[in-house]
Amino acid sequence: MTCAALAAAAAGAPSASVVTGPVIVLSLNGAVSPATADYAVRGIRNATERNASLIVLKMDTPGGLDTAMRSIIKEILASPIPVATYVAPSGARAASAGTYILYASHVAAMAPGTNLGAATPIAIGLPSPSAPKPTATEDQEERKAGGGKAKKTPAPPPEDTMKAKMVNDAAAYIRGLAQLRGRNAEWAERAVREAVSLSAEEALQSKVIDVVAQDVPALLKKIDGRKVTVQGVERTLTTAQAETIVLDPDWRSELLAVIANPGMALILMMIGIYGLIFEFSTPGVGPGVVGAICLLLAAFAFQLLPINYTGLGLILLGVAFIVAEAFLPSFGILGIGGAVALTIGAIVLFDGDTSGSYALPLPFVVTLGVVSSGLVFATVAFALRARKRPVVSGSEELIGSHGIALDDFEKEGWVRVSGERWHAVSMDPVRRGQSLRVKSRAGLTLVVEPDNQGGNSK
């Protein structure tokens, strides 16, 4: 024990435990998604198994999903290892969901030239405009007209009520995190209600963060000896000489990030639908196998993402209209309506995002609608063209075929048609070697007649 620890023990005061071990660095880049949450949660648990002294979440995010953000925060609060969230490199940001994660961490740090804030929760969609509030003059006139009585304020529309619930819930959540870590709760609530932001230097002055450091080694030197409270136990960080281990996302996190991308999820769903349509129109070719796999992967992605089922229904309706256009004489109405429904459905497919990072770009949506419509139109057109082709196999092929008589007969005899020996009947006498034409077929017997254009063949 050190002299300070012995002195504290002699005085009867509780001493802070010293944590030794490696420093685990996790990188959270891009939108906070289910893949990000999976990577962060497994990384924190991995650090616990390694008896790490500190976990550094190196973060650069525009925000993300509320559910994914809360999963990360829950793991931070439950972690027996101190967690330091570090917004880096210079030019990075911790907007929206990143601000909540920063407030939940035991140590909050930023690199110079970074910013945080703008934590107001929003939802993707097209909200209806709210009714304008009456001005002071209009309110006075209404009081005079009503005999001095104030007009009863109408109830707020459902959109405003839902937004107020989201904002109040988010404000209470981040205020609780600020109080837990002893940070600026007033500014945290303003970040939610007013969407304000701060630079790294301003955040340090406002006691929003603890440290401003140029890089991870500088951060570890600055927080060395700092005392933090982890699950009610005060600990002293020893990070100046600690080994640094960087845990990059593994193949599972990378695959989950690709599948859970909104654009990729939509593409997988479209490939799955088209694959099944192609398989049903041309059985045995094989696109149905690929389509089924892609459809299951899309369903898995939709389970992770904030799905708007109205948008999903519009997409399915649009595909149905486009396919029906080729079979029904609607003069393009169904096809155009299907393309419009497909595009609108893709726009409103994802909602509930806290930063707008899950909104699909409009050019991507329009391109997907045009390409999808073109593929379905082309496929159905090829199918209809194939239906109009003459049959080249089976019993129908024999009708109109030419053959020769194998012997003389008046009513029944034997003929050779398409290289095969057939029993045949004819209303006219037939000579051996005479050219014949098949009129019809009755079971294994062909009805033939002399082919006046074929002549005789030996």
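In this report, we go over the structure that sits alongside the text. The shown structure was predicted, so the numbers you read here are calculated from the model rather than taken from an experiment.

A short note on the pairing of strand E11 (residues 233-237)
Piece 1. Relative to E11, strand E10 (residues 227-230) runs antiparallel, the two being bridged by four bridges. The partner of Val228 across the bridge, within E11, is Arg235.
Piece 2. The antiparallel hairpin formed by E10 and E11 contains two residues in its connecting segment, where Gln231 sits at a positive phi of about 55 degrees.

Here we look at the sheet that holds strand E3 (residues 54-60)
Piece 1. The strand order E9-E6-E4-E3-E2-E12 describes an open sheet built from six strands, whose pairing is parallel. Strands at the two margins of the open sheet, each flanked by one partner only, are strand E9 (211-212) and strand E12 (244-247).
Piece 2. Sheet analysis places strand E2 (residues 23-29) next to E12, joined by four bridges and oriented parallel. In the strand pairing of E12, Val23 is matched with Thr244.

Brief notes about the packing of helix H13 (residues 309-325) against helix H14 (residues 333-347)
Piece 1. Packing of H13 against H14 leaves a shortest axis separation of 7 Å and a crossing angle of 160 degrees. By the angle class used here, H13 and H14 are roughly antiparallel. Pair H13 / H14 crosses with left-handed handedness. On H14, the residues that touch Gly311, Leu314, Ile315, Gly318, Val319, Phe321, Ile322, Ala324 and Glu325 of H13 are Ile333, Leu334, Gly335, Gly337, Gly338, Ala339, Ala341, Leu342, Ile344, Gly345 and Ala346.
Piece 2. Across the contact of H13 with H14, the residue classes break down as 13 nonpolar, six polar and one charged.

Some points on the pairing of strand E15 (residues 420-425)
Piece 1. Across six bridges, the pairing between strand E14 (residues 412-417) and E15 is antiparallel. Residue pairing in the sheet places Trp414 in a bridge with His423 of E15.
Piece 2. Where E14 hands over to E15, the hairpin turn is made up of two residues, of which Ser418 adopts a positive phi near 55 degrees.

Thoughts on the side chain of Glu75
Piece 1. Note that Glu75 resides in helix H3 (residues 66-78).
Piece 2. At 3.2 Å, the side chain of Glu75 forms a polar contact with the side chain of Arg45.
Piece 3. Setting aside anything within four residues of it in sequence, one finds Glu75 in contact with Val41, Ile44 and Arg45.

A closer look at the packing of aromatic side chains
Piece 1. All chains considered together, the criterion is met by one aromatic pair.
Piece 2. With 6.2 Å between their ring centres and 25 degrees between their planes, Tyr100 and Tyr173 make a pair best called stacked. Of this pair, Tyr100 sits in helix H4 (residues 97-104) while Tyr173 sits in helix H6 (residues 158-181), and the two are 73 residues apart along the sequence.

Description of the sheet that holds strand E5 (residues 93-95)
Within a sheet, each strand pairs with its neighbour through backbone hydrogen bonds, oriented either parallel or antiparallel.
Piece 1. Here three strands make up an open sheet; going across it, the order is E5-E7-E8 and the pairing mixed. Strands at the two margins of the open sheet, each flanked by one partner only, are E5 and strand E8 (197-199). Across the sheet, the mean angle separating the axes of adjacent strands is 15 degrees when strand polarity is ignored.
Piece 2. Here E5 runs beside strand E7 (residues 115-117); their pairing, made up of three bridges, is parallel. Bridge pairing in E7 places Arg93 opposite Asn115.
Piece 3. Set on the sheet, H4 makes contact with E5 and E7; between it and E5 the angle comes to about 100 degrees.

Some points on empty space enclosed by the protein
Piece 1. Using the criterion set out here, one finds one cavity of 30 Å³ or more in the structure.
Piece 2. Put simply, the largest cavity is a space of about 40 Å³.
Piece 3. Around the largest cavity sit Leu266, Met270, Ile315, Leu342, Thr343, Ala346, Val365, Leu368 and Gly369, which together line it.
Piece 4. Class assignment for the residues of the lining of the largest cavity results in seven nonpolar, two polar and no charged.

Parameters at a glance
Residues numbered from 1 in each chain as written. Predicted model: local features only at pLDDT ≥ 70, side-chain atom pairs only at ≥ 80, totals over all residues. Heavy atoms only, no water. Pairing = 2+ DSSP bridges. Helix = DSSP H or I, 4+ residues; strand = E, 2+ residues; numbered from the N terminus. Axes fitted to C-alpha atoms, helices over the stretch in contact; angles between N-to-C directions. Parallel < 35°, antiparallel > 145°, perpendicular 65-115°, else oblique. Left-handed = near helix turned anticlockwise from the far one by under 90°. Contact = heavy atoms within 4.5 Å. Nonpolar A, V, L, I, M, F, W, Y, C, P; charged D, E, K, R; others polar. Polar contact = N/O pair within 3.5 Å; in protein donor to acceptor, adjacent residues only side chain to side chain. Phe/Tyr/Trp six-rings, centres within 6.5 Å; stacked < 30°, edge-to-face > 60°. 1 Å grid on protein atoms, 1.4 Å probe; cavity = no way out; pocket = protein on both sides within 12 Å on 5 of 7 lines; lining within 4 Å. Points joined across faces, edges and corners; volume = space filled by probe spheres on them.

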